[in-house]
Amino acid sequence: VEWTVKERSIISSIFSNLDYEDVGPKALCRCLIVYPWTQRHFSTFGNLYDAEAIKTNANIAAHGIKVLHGLDLAVKNMDNIKEAYTKLSTLHSEKLHVDPDNFKLLVDCLTIVVAAKMGSDFKPDVQATFQKFLAAVVSALGKQYH
Ligand code: HEM
């Protein structure tokens, strides 16, 4: 993937202004609520009975923050995103058995949460760059599946 100077600056600006503690939990919660089959991977995380339970589940919130920090790998390695995710891809495939289609669902939820936070600053070129970035992450996370 090639990145223009403009795209690099958009990505670094999104992430330097990102409230991980707020956005991470919201994105993961939204994914679990909107796509309930993704809950199957979190059966050891406690109460996921309904949307309220998911949104107030501290284990889910903590994991949402962890996942969002997982994107730092891509921010720091924009020119070799695939290599940067080799370990995480293997983990999700061979150990966690997460269907790779779910990566796309989670990053779409993240896009919605970031858009809601940024409001009118989430201009079309910002969205296009953010989605290009997330698509590269999704592809890299799917790389070790076979
Ligand atoms: C663990 C990142 C998508 C399920 C993790 C970890 C990271 C991460 C950084 C911690 C790894 C470690 O402890 O070494 C990401 C990123 C994703 C993504 C960047 C997509 C953008 C998903 C999706 C699911 C999922 C879609 C399931 C629907 C899990 C589970 C764990 C995990 C079950 C282990 C949780 C635990 O038991 O502590 N992920 N993940 N991940 N991820 Fe993901």
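Residues numbered from 1 in each chain as written. Predicted model: local features only at pLDDT ≥ 70, side-chain atom pairs only at ≥ 80, totals over all residues. Heavy atoms only, no water.

Visitor: Please explain the site of the ligand as it appears in this structure.
Guide: Among the 17 residues in the neighbourhood of the ligand, the closest are listed as His63, His92, Leu96, Asn102 and Leu141. His63 places a polar side-chain atom, nitrogen or oxygen, 3.5 Å from a nitrogen atom of the ligand. Interatomic distance of 2.9 Å between a side-chain N/O atom of His92 and a nitrogen atom of the ligand. Elements supplying a minimum of two residues to the shell around the ligand: helix H4 (58-70), helix H7 (86-95) and helix H8 (101-118). Each residue belonging to the shell around the ligand can be placed in one class, and the counts come to eleven nonpolar, five polar and one charged. (Near = heavy atom within 4 Å. Polar contact = N/O pair within 3.5 Å; in protein donor to acceptor, adjacent residues only side chain to side chain. Helix = DSSP H or I, 4+ residues; strand = E, 2+ residues; numbered from the N terminus. Nonpolar A, V, L, I, M, F, W, Y, C, P; charged D, E, K, R; others polar.)

Visitor: Looking at this model, I keep getting lost on the environment of Ile112. Mind explaining?
Guide: Within the secondary structure, Ile112 is located in helix H8. Along the chain, Ile112 and Arg30 lie 82 residues apart, while their C-alpha atoms are 9.3 Å from each other.

Visitor: Any chance you could explain the side chain of Asn102 here in plain terms?
Guide: Considering the arrangement of structural elements, one finds Asn102 in helix H8. Taking relative accessible area as the criterion, Asn102 reaches 11% and is therefore assigned buried. Look past the residues within four positions of Asn102 in its chain and what remains in contact with it is Trp37, Thr38 and His41. (Buried < 20%, exposed > 50% of the residue type's maximum accessible area, 1.4 Å probe, protein only. Contact = heavy atoms within 4.5 Å.)

Visitor: So what exactly am I meant to see when it comes to the pattern of salt bridges here?
Guide: Close approach of charged atoms lets side chains of opposite charge pair. Tallied over the entire structure, the rule returns six salt bridges. Lys132 is the partner of Glu7 in a salt bridge, and the nearest nitrogen-oxygen pair spans 3.0 Å. A residue pair is termed long-range when its members are at least 10 positions apart, and Glu7 in helix H1 (residues 5-16) and Lys132 in helix H9 (residues 124-141) qualify at 125 residues. A relative accessible area of 29% places Lys132 in the partly exposed class. Put simply, Arg8 and Asp79 hold a salt bridge, and the shortest N to O gap is 2.9 Å. (Salt bridge = Lys/Arg side-chain N within 4 Å of Asp/Glu carboxyl O.)

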